[in-house]
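# Notes for the structure review
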There are 2 protein chains.
Amino acid sequence: MAKIPGNPCTSSCPIKRAMDILDGKWTMLIIRDLLGGKKRFGELRYSLEGVSPKMLTQRLKQLEEEQIIRKISYPVMPPKVEYELTEKGHQLRPVIESLAVWGNELI
Amino acid sequence: MAKIPGNPCTSSCPIKRAMDILDGKWTMLIIRDLLGGKKRFGELRYSLEGVSPKMLTQRLKQLEEEQIIRKISYPVMPPKVEYELTEKGHQLRPVIESLAVWGNELI
């Protein structure tokens with residue numbers, strides 16, 4: 001059982017560091033979708049009911065900068081782009097699964 | 001392994017339902033702190049570097065309404081109030097632990 005660090009909540013706290021990156025409602029849902037495999041922008045937009053194109057673009061850019069996802073551009077016309085999780089992104093599966101269990105059983 | 005529901009991200013998705021409640025950087029950190037036992041407002045404020053009293057008050061109220069935490073008022077003078085996790089709140093331990101593992105190993 002991972003030791004939950006005591007207080008205070010300094011920047012060295014792994015949970016704070018994780019939340020600094022993962023904060024934001026859409027972030028966890030994007031990761032959940034990409035755990036299901038590569039997705040195109042439009043597929044993500046359809047799946048994430050209510051997300052604006054601007055917010056989705058911003059979130060994907062941030063996740064790419066954090067090396068949680070990668071963007072794949074295909075050399076075809078018309079241009080085709082897909083997003084997929086990196087290994088670092090795939091390591092978030094336990095977080096998403098534990099959210100699913102909690103969401104299923106407790107709300 | 002909890003089945004991660006396919007798309008789309010309708011309100012029935014347990015992860016979406018969980019994130020509707022848990023969204024917001026401070027929420028996970030408040031839960032992390034209360035996993036360590038009851039805390040007073042001042043203790044939480046000290047632990048959560050940078051949180052404003054207004055934001056902390058708002059977040060605690062929301063978590064209380066969602067029955068994730070409870071507020072304990074002691075019949076003493078001066079008034080003493082503490083916060084603790086409910087059983088529903090304690091069920092979030094796996095989410096916090098998986099965030100700690102990810103935060104430790106990957107960032």
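Overview of the structure. Not measured: the values here are computed from a predicted model.

Criteria and cut-off values
Residues numbered from 1 in each chain as written. Chains lettered and ligands numbered in written order. Predicted model: local features only at pLDDT ≥ 70, side-chain atom pairs only at ≥ 80, totals over all residues. Heavy atoms only, no water. Helix = DSSP H or I, 4+ residues; strand = E, 2+ residues; numbered from the N terminus. Buried < 20%, exposed > 50% of the residue type's maximum accessible area, 1.4 Å probe, protein only. Contact = heavy atoms within 4.5 Å. Areas by Shrake-Rupley, 256 points an atom, 1.4 Å probe, with all protein chains shown as cover. Salt bridge = Lys/Arg side-chain N within 4 Å of Asp/Glu carboxyl O. Pairing = 2+ DSSP bridges. Least-squares fit on C-alpha atoms with pLDDT ≥ 70 in both. Buried area = accessible area lost by both parts, 1.4 Å probe. Polar contact = N/O pair within 3.5 Å; in protein donor to acceptor, adjacent residues only side chain to side chain. Nonpolar A, V, L, I, M, F, W, Y, C, P; charged D, E, K, R; others polar. Core = buried A, V, L, I, M, F, W, Y, C linked by side-chain atoms within 4.5 Å. Phe/Tyr/Trp six-rings, centres within 6.5 Å; stacked < 30°, edge-to-face > 60°. Lys NZ or Arg CZ within 6 Å of the ring centre and 35° of its normal.

## Quick notes on the overall build of chain A
The secondary structure content of chain A amounts to six helices and two strands. In sequence order, chain A lays out its α and β elements as α-α-α-α-β-β-α-α. Going through the 107 residues of chain A one by one, you find that 46% of them count as buried. Long-range contacts, defined as pairs at least 24 residues apart, comprise 42% of the intrachain contacts of chain A with a sequence gap of at least 6. Taken as a whole, chain A presents about 5,400 Å² of accessible surface, with 52% of it coming from carbon and sulfur.

## Comments concerning the pattern of salt bridges
One pass over the full model with this rule turns up ten salt bridges over all chains. A salt bridge links E84(A) to R70(A); the shortest N-O distance between them is 2.8 Å. Remark: R70(A) occurs in strand β1 (residues 69–74) and E84(A) occurs in strand β2 (residues 80–85); sequence separation between them is 14 residues. A relative accessible area of 19% means that E84(A) is categorised as buried. The salt bridge involving D33(B) is made with R32(B); its shortest N-O contact spans 2.3 Å. According to the relative accessible area criterion, D33(B) is buried, its value standing at 2%.

## A closer look at the pairing of strand β2 (residues 80–85) of chain B
Residues and elements named next belong to chain B. Across six bridges, the pairing between strand β1 (residues 69–74) and β2 is antiparallel. Looking across to β2, one finds that K71 is bridged to Y83. What sits between the antiparallel neighbours β1 and β2 is a turn of five residues.

## Focus: the relation of the copies chain A and chain B
Between the two copies, chain A and chain B, the superposition gives an RMSD of 0.0 Å; the rotation angle is 180° and the shift along the axis is 0.0 Å. Look at the turn and shift together and you get a two-fold axis relating the two. Among all residues of chain A, the one whose C-alpha sits closest to the rotation axis is V95(A), at a distance of 2.8 Å. Counting the interface residues of chain A, we find that 100% of their copies in chain B are interface residues as well, pointing to one common contact surface.

## Thoughts on the interface of chain A and chain B
Tallying the contact residues gives 49 residues for chain A and 49 residues for chain B. Of the roughly 4,600 Å² buried where chain A meets chain B, counting both sides, 71% is carbon and sulfur surface. The interface formed by chain A and chain B includes zero salt bridges. Summed over the shared surface of chain A and chain B, the number is five residue pairs in polar contact (both at pLDDT 80 or more). Take the side of chain A that touches chain B: its biggest share by element is 13 residues, from helix α6 (residues 93–106) of chain A. For the side of chain A that touches chain B, the per-class residue count stands at 29 nonpolar, eight polar and twelve charged.

## A word on the nonpolar core
Ranked by internal contacts, the top residues of the largest apolar core, which has 58 residues, are L22(A), I68(A), L99(A), L22(B), I68(B) and L99(B). Sequence-distant contacts of L22(A), defined by excluding residues within four places in its chain, comprise T27(A), M28(A), I31(A), I68(A), L92(A), L99(B) and W102(B).

## Let's talk about the packing of aromatic side chains
Throughout the structure, instances matching the rule amount to zero aromatic pairs over all chains. Note that K80(A) overlies the ring of Y74(A), its terminal NZ or CZ placed 4.8 Å from the centroid.

## So, the environment of K71(B)
Within the fold, K71(B) resides in strand β1. Look past the residues within four positions of K71(B) in its chain and what remains in contact with it is E64(B), V81(B), E82(B) and Y83(B).

## Focus: unusual backbone geometry
All names here are of chain A. In the segment running from M77 into P78, the intervening peptide bond is cis, with an omega of -5°. Relative to the helices and strands, P78 resides in the loop between β1 and β2. For Q67, which is not glycine, the phi torsion reads 60° and is therefore positive. With respect to the helices and strands, the residue Q67 is situated in the loop between α4 (53–65) and β1. Judged by relative accessible area, which is 54%, Q67 ranks as exposed.

By themselves, these are just geometric observations and shouldn't be taken as functional.
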